[in-house]
Amino acid sequence: MSKKTDSNSYTMIFAVGMVLVVGSLLAFLASSLKPNIDENKRIEKQQNILYAMGVNENDDSNAIFVSTTVAEQEFQKYIKRQLVIEGDDISEDEKAYMIDVKKEKSKAKNGGVRRLPLFVGEKDGKTFYVAPIRGKGLWDAIWGYVAMDENMIVQGAYFDHKGETPGLGANIKYRFFMDDFKGEHLLDASGDFKGIRVAKGNNDPKNDEKTDYEVDAIAGATITGDGVSAMIKSDLKLYVDYFKTLK
């Protein structure tokens, strides 16, 4: 006589039971860890914004954030205003840095009005305007923060990715790439928005020319570079009207 544990019904009941137990355990862990995850995301955004405006612990070659233990304090020290641009309306919101850029872009695609966060910082007597950008790389999402002066000249940038190829597209988060954007102009002499193109075969590999609207591409990472160019053009262009009010 066969054992009960050999029956198909027992196997199905056991499998369903395990799914319920494991699912409940994962749901409990996700719920209990959510506050820590949310806090880490909040601190990371503060670090990214500060990095773009030059508040970091960089050494000669490596990109290093301010410590998580001082990020909140440094953010309060250097970020003087957090603005939300929504159509013609400009308001202040001390939690603007928590706006989900991905959701805002989706809302705009569906006909809604996109909220644009902008962070006004001060460092060494200079004013910085830091804007978040988001786009698509070769494999998945890429994003960043770009710090500008009142003329939309780049003062610093930070880029990151979800799943670009190590040693190729993933290099957008390394200093040798990010530092090239410093001093690049986003507007031409007439005030029209040009953006910055990550250009393969750029004739200025040392990046001395800052009004050519180009930086040198990363070898073997053409699609990721195109994604960086596209998100700069599509997202930063939306801030032009605000910068015109600063004149």
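Residues numbered from 1 in each chain as written. Predicted model: local features only at pLDDT ≥ 70, side-chain atom pairs only at ≥ 80, totals over all residues. Heavy atoms only, no water.

1. Topic: the sheet that holds strand β3 (residues 115–123)
Okay, step 1: Strands sit in the order β2-β1-β3-β4-β5-β6 across an open sheet of six strands; the sheet is antiparallel. At either end of the open sheet lies a strand with only one pairing partner, and these are β2 (89–92) and β6 (154–161). Between one strand axis and the next, the sheet turns by 25° as a mean value, whatever way the strands run.
Okay, step 2: Sheet topology places strand β4 (residues 126–136) next to strand β5 (residues 141–148); eight bridges connect them, and they run antiparallel. Bridge pairing in β5 links Val130 to Ala147. (Pairing = 2+ DSSP bridges. Helix = DSSP H or I, 4+ residues; strand = E, 2+ residues; numbered from the N terminus. Axes fitted to C-alpha atoms, helices over the stretch in contact; angles between N-to-C directions.)

2. Section: helix α3 (residues 101–109)
Okay, step 1: For α3, the complete set of buried residues consists of Val101, Glu104 and Lys105. Taken down its axis, α3 places every buried residue within 100° of arc, on the same side. Along α3, the residues that are exposed and aim more than 90 degrees away from the buried face are Lys102 and Lys103.
Okay, step 2: Looking at the packing, one finds that the buried side of α3 touches β3, β4 and α5 (222–236).
Okay, step 3: Phi turns positive, to about 95°, at Gly111, one or two residues after α3. (Buried < 20%, exposed > 50% of the residue type's maximum accessible area, 1.4 Å probe, protein only. Arc of directions from axis to C-beta. Contact = heavy atoms within 4.5 Å.)

3. Details of the side chain of Asp149
Okay, step 1: Along the chain, the position of Asp149 falls in the loop between β5 and β6.
Okay, step 2: Although buried, Asp149 forms no salt bridge, and the nearest oppositely charged side chain, Lys126, lies 5.4 Å from it.
Okay, step 3: Side-chain polar atoms of Asp149 contact the backbone nitrogen of Ile153, separated by 3.0 Å.
Okay, step 4: If near-sequence neighbours (up to four positions away) are discounted, Asp149 is found in contact with Thr127, Tyr129, Gln155 and Phe243. (Lys, Arg positive; Asp, Glu negative; His and termini not counted. Salt bridge = Lys/Arg side-chain N within 4 Å of Asp/Glu carboxyl O. Polar contact = N/O pair within 3.5 Å; in protein donor to acceptor, adjacent residues only side chain to side chain.)

4. Points about the pattern of salt bridges
Okay, step 1: This model, assessed by the stated rule, comprises 12 salt bridges.
Okay, step 2: The salt bridge partner of Arg175 is Asp179, with a shortest N-O separation of 3.0 Å.
Okay, step 3: For Arg175, a relative accessible area of 15% corresponds to the buried category.
Okay, step 4: Ionic pairing is found between Asp179 and Lys182, a salt bridge with its closest N-O pair at 3.9 Å.
Okay, step 5: Each of Glu39, Arg42 and Glu72 takes part in one network of salt bridges that share partners.

5. Quick look at unusual backbone geometry
Okay, step 1: You will see that Asn207, though not glycine, has its phi angle at about 60°, which is positive.
Okay, step 2: The topology assignment puts Asn207 in the loop between β7 (197–199) and β8 (214–216).
Okay, step 3: Exposure remark for Asn207: the relative accessible area of 4% places this residue in the buried category.

6. Focus on the pairing of β6
Okay, step 1: Most of β6 is tucked away, with eight of its eight residues classed as buried.
Okay, step 2: Taken together, the seven bridges between β5 and β6 define a ladder with antiparallel strand orientation. Across the sheet, residue Gly144 finds its bridge partner in β6, namely Phe159.
Okay, step 3: Between β5 and β6, which pair antiparallel in sequence order, lie five residues; one of them, Met152, sits at a positive phi of approximately 60°.

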